[in-house]
Amino acid sequence: MSSAALPSRPTPRPSVMAIEAYVPGKAHAGGGGRVYKLSANENPLGASPKALEAFRAAGGHLELYPDGSAVALRAAIGATYGLDPSRIVCGTGSDELIAVLAHVYAGPGDEVLYSQHGFLLYRVAALAAGATPIVAPEKGYVTDVDAILAAVTERTRIVFLANPNNPTGTYIPFDEVKRLQRGLPGNVLLVLDAAYAEYVRRNDYESGIELVATCPNVVMLRTFSKIYGLAALRVGWMYAPAEVVEAVNRIRGVFNVNAPALAAAAAAIADTAHVEASVAHNAKWLQWLDDELTALGLTVLPSVGNFLLVLFPQTPGHTAAEADAFLSARGLILRRMDGYGIPQALRLTVGTEEANRLVVAALAEFLGKSHGA
Ligand SMILES: *Cc1c(COP(=O)(O)O)cnc(C)c1O
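Small disclaimer: the values here were computed from a predicted structure and weren't measured. (Residues numbered from 1 in each chain as written. Predicted model: local features only at pLDDT ≥ 70, side-chain atom pairs only at ≥ 80, totals over all residues. Heavy atoms only, no water.)

### Quick word on the site of the ligand
Right, on to step 1. Lining the immediate surroundings of the ligand are Gly-93, Ser-94, Asp-95, Phe-119, Asn-166, Asp-193, Ala-195, Tyr-196, Thr-223, Ser-225, Lys-226 and Arg-234.
Right, on to step 2. Contact between the ligand and Asn-166: an oxygen atom at 2.7 Å from a side-chain N or O atom of the residue.
Right, on to step 3. One nitrogen or oxygen atom from the side chain of Tyr-196 is found 2.7 Å from an oxygen atom belonging to the ligand.
Right, on to step 4. Taking 390 Å² as the accessible area of the ligand by itself, protein coverage stands at 94%.
Right, on to step 5. Assessed atom by atom at 2 Å from the grid points, the ligand resides in the largest pocket.
Right, on to step 6. The element that contributes the greatest number of residues to the shell around the ligand is helix α4 (residues 93-105), accounting for three residues.
Right, on to step 7. Taken together, the residues that form the shell around the ligand break down as three nonpolar, five polar and four charged. (Near = heavy atom within 4 Å. Polar contact = N/O pair within 3.5 Å; in protein donor to acceptor, adjacent residues only side chain to side chain. Areas by Shrake-Rupley, 256 points an atom, 1.4 Å probe, with all protein chains shown as cover. 1 Å grid on protein atoms, 1.4 Å probe; cavity = no way out; pocket = protein on both sides within 12 Å on 5 of 7 lines; lining within 4 Å. Sits in = over half its atoms within 2 Å of the grid points. Helix = DSSP H or I, 4+ residues; strand = E, 2+ residues; numbered from the N terminus. Nonpolar A, V, L, I, M, F, W, Y, C, P; charged D, E, K, R; others polar.)

This is the structure in structure tokens:
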């Protein structure tokens, strides 16, 4: 065989090389002082003590393979939400399920659609599957159902919708989600990523369970990384029609969720008191941060999640990049939004009371305003 036309070394597929590596929220500030990580939407109250106990107990048996079908965890999730466990699949974080769904339903020549400031991993998943990512514009940082429907073509295979959306924190009411589903061709999979559902306190919001139960082309994703405070363990789950479950189970990691993670997640979902405390903490401090930052003259998008997108002025001395440097020097780590095409913004996770007060005080100083917080 002639080697003249062949590359001299292994060559990644071009779609893979089109992926900008995902940059997680920073965890360090440089300098030696105390660091407040408010860049990754983690739970400031930590995990449930019951989850930690279950994690430690499972840690005594690291020689054993985990249950690859996550029977006990799926039963616990099913009991909590009134769902048939056979329609649930657990993943190594919902990240794994996003990637697997893209591989199952989209490939070269297909399109994967999401909204302008949608979660960055949708793009990564589409490209990794060899599919073409397509972006629908938003209206004022809110998902625009009409724009998504207008972007659907005969090549569209998947629509990813984070609701509430990260990084904007905004959401669309369930009526709008249903309108989106009704407008999609039956062969297009609608993936409702409800990573922040537990935080939402709005009467017109639903995570999508009802749609999954009634439509063959709708899937809902949830995670243990946010309200349950188990981001380190990487556990997510999907509620889906039987055919989707069957297909995803063929290519997900066989032992994708490790044993201590399975045990901790099952204990966490049963600890409703810890969930309620986390929701209450968030509701209080989300509102407080919104009020305080708005009073400083910053523009804060209305958020229903556990984080806020804060828009900074473009005036030199007051930009998001300069604010980020100022805050980082004080150990306050927020998330830069350049990768999302919103360089004028920083995303702030609701933290402990101490961290929240420090952020507001530091921003007041940065903006040159005296502040009594
Ligand atoms: C945090 C987050 C997830 C969860 O990711 P895990 O892999 O479960 O940690 C999924 N979708 C969105 C939009 C998120 O912000």
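### Notes on the packing of aromatic side chains
Right, on to step 1. Evaluation of the coordinates by the stated rule reveals 10 aromatic pairs.
Right, on to step 2. With a centroid separation of 5.7 Å and 80° between ring planes, the pair formed by Phe-119 and Tyr-122 is classed as edge-to-face. The same class applies to Phe-119 as to Tyr-122, namely buried.
Right, on to step 3. An angle of 65° between the planes, with centres 4.9 Å apart, marks the rings of Tyr-196 and Phe-307 as edge-to-face. Residue Tyr-196 is located in the loop between β6 (189-193) and α8 (209-214), and its partner Phe-307 is located in strand β10 (residues 307-311); the two are separated by 111 residues in the primary sequence. Both residues of the pair, Tyr-196 and Phe-307, count as buried. (Phe/Tyr/Trp six-rings, centres within 6.5 Å; stacked < 30°, edge-to-face > 60°. Buried < 20%, exposed > 50% of the residue type's maximum accessible area, 1.4 Å probe, protein only.)

### Examining helix α2 (residues 49-58)
Right, on to step 1. Among all positions in α2, only Ala-51, Ala-54 and Ala-58 are buried. Projected down its long axis, α2 shows its buried positions confined to an angular sector of 65°, all on one face. Among the exposed residues of α2, those pointing more than 90 degrees away from its buried face are Pro-49, Glu-53, Arg-56 and Ala-57.
Right, on to step 2. Residues of α2 that are buried in the fold lie against α10 (259-270). (Arc of directions from axis to C-beta. Contact = heavy atoms within 4.5 Å.)

### Section: the sheet that holds β6
Across a sheet, strands are paired by hydrogen bonds formed along the backbone, either parallel or antiparallel in direction.
Right, on to step 1. Within the open sheet, the seven strands sit side by side as β2-β8-β7-β6-β5-β3-β4. Their pairing is mixed. The open sheet is flanked by β2 (88-92) and β4 (132-136), the only strands paired with a single partner. Shown here is a sheet whose adjacent strand axes are inclined to one another by a mean of 25°, direction ignored.
Right, on to step 2. Seen against the sheet, helix α3 (residues 71-81) touches β2, β7 (218-223) and β8 (235-239) and runs at an angle of roughly 120° to β2. (Pairing = 2+ DSSP bridges. Axes fitted to C-alpha atoms, helices over the stretch in contact; angles between N-to-C directions.)

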